[in-house]
Amino acid sequence: QVQLVESGGGLAQAGGSLRLSCLASGRTFIINAMGWFRQTPGKEREFVATISASGTSTLYTDSVKGRFTISRDNAKLYLQMNSLEPEDTAVYYCAARRAYFGSSSADDYDYWGQGTQVTVSS
């Protein structure tokens with residue numbers, strides 16, 4: 001079907017930046033909206049941002065607005081993370097869905113990457 005592979009995670013200091021990438025492969029023509037989620041131990045997977053197939057529509061969770069930017073280029077998805085805070089520490093997951101843009105619910109996404117760790121030190 002569709003495979004998603006994230007890269008770009010790592011360690012950053014508070015106030016620093018990281019850029020996550022996600023490469024989609026397989027039947028990528030069935031992908032419509034894509035998004036980023038994150039998860040910390042003991043908590044549910046949390047919505048971060050989503051983007052439409054054309055890249056013209058985006059949606060962010062309030063805590064990252066003005067700091068994170070989601071973008072895509074065909075089968076590649078990106079998350080530019082600036083002004084990082086220790087609270088951004090999490091495993092970040094790339095996700096894709098066959099349906100149109102607009103959902104912030106993890107249950108509405110059909111395909112997931114394996115996750116990449118982002119750690120922000122204070």
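Residues numbered from 1 in each chain as written. Predicted model: local features only at pLDDT ≥ 70, side-chain atom pairs only at ≥ 80, totals over all residues. Heavy atoms only, no water.

A. Focus on the nonpolar core. By size, the foremost hydrophobic cluster in this structure holds 29 residues, and its most contacted members are Leu4, Met34, Trp36, Leu79, Met81 and Tyr92. Going through the elements one at a time, β1 (2-7), β3 (18-26), β4 (34-39), β5 (46-51), β7 (68-73), β8 (76-81), β9 (90-96) and β11 (116-121) are the ones with two or more residues in this core. Non-local contacts of Met34, meaning those with residues more than four positions away in its chain, are made with Leu4, Cys22, Ala49, Thr50, Ile51, Ile70, Arg72, Leu77, Cys94, Ala95, Ala96 and Tyr109. (Core = buried A, V, L, I, M, F, W, Y, C linked by side-chain atoms within 4.5 Å. Buried < 20%, exposed > 50% of the residue type's maximum accessible area, 1.4 Å probe, protein only. Helix = DSSP H or I, 4+ residues; strand = E, 2+ residues; numbered from the N terminus. Contact = heavy atoms within 4.5 Å.)

B. Fine view of the packing of aromatic side chains. Enumeration over the complete set of coordinates arrives at five aromatic pairs. An aromatic cluster is defined as three or more aromatic residues linked by ring pairs; in this entry it consists of Phe37, Phe47, Tyr93, Tyr109 and Trp112. The positively charged end of Arg45 is found above the aromatic ring belonging to Trp112, 4.8 Å away from the centroid. (Phe/Tyr/Trp six-rings, centres within 6.5 Å; stacked < 30°, edge-to-face > 60°. Lys NZ or Arg CZ within 6 Å of the ring centre and 35° of its normal.)

C. Up close: the state of the cysteines. According to the stated counting rule, one finds one disulfide in the structure shown. Between the sulfur of Cys22 and that of Cys94 lies a disulfide, 2.1 Å long from S to S. Where Cys22 bonds to Cys94 through sulfur, the torsion about that S-S bond is close to -75°, and the disulfide is left-handed. Taken together, the residues Cys22 in strand β3 and Cys94 in strand β9 connect sequence positions 72 residues apart. Assessed through its relative accessible area of 0%, Cys94 is described here as buried. (Disulfide = S-S within 2.5 Å.)

D. Representation of the pairing of β8 within the structure. Across six bridges, β3 lies against β8 in antiparallel orientation. The residue of β8 that forms the bridge with Cys22 is Leu77. Remark: two residues form the turn of the hairpin made by β7 and β8, two consecutive strands paired antiparallel; Asn74 in that turn has positive phi of roughly 55°. (Pairing = 2+ DSSP bridges.)

E. Seen up close, the pattern of salt bridges. The final tally for this structure, using the stated rule, is six salt bridges. Of the charged contacts, one joins Asp62 and Lys65 as a salt bridge, the two residues approaching to 3.0 Å between their closest N and O atoms. Across the pair Arg67 and Glu85 runs a salt bridge, and its minimum N-O distance is 3.8 Å. Placement of the pair is Arg67 in the loop between β6 (58-60) and β7 and Glu85 in the loop between β8 and β9, with a sequence separation of 18 residues. Here Arg67 falls in the buried class, since its relative accessible area comes to 10%. Look at Glu85 and you get partly exposed, because its relative accessible area is 32%. If you follow the salt bridges from partner to partner, you end up with Arg38, Glu46, Arg67, Glu85 and Asp88 in one network. (Salt bridge = Lys/Arg side-chain N within 4 Å of Asp/Glu carboxyl O.)

F. Spotlight on the sheet that holds β3. Taken in spatial order, the four strands make up an open sheet running β1-β3-β8-β7, and their pairing is antiparallel. Because the sheet does not close on itself, it has two edges, and the strands there are β1 and β7. In this sheet, adjacent strand axes meet at a mean angle of 15° when their direction is disregarded. (Axes fitted to C-alpha atoms, helices over the stretch in contact; angles between N-to-C directions.)

G. Spatial organisation of the pairing of β11. Burial along β11 is one-sided: the face carrying Thr116, Val118 and Val120 is buried and the face carrying Gln117, Thr119 and Ser121 is not. The pairing of strand β2 (residues 10-13) with β11 spans four bridges and is parallel. Bridge pairing in β11 places Ala12 opposite Val120. Where β9 meets β11, three bridges bridge the pair, whose relative direction is antiparallel. Note that in β11 the partner of Tyr92 across the bridge is Thr116.

Geometric descriptors of this kind do not, in isolation, establish any biological role.
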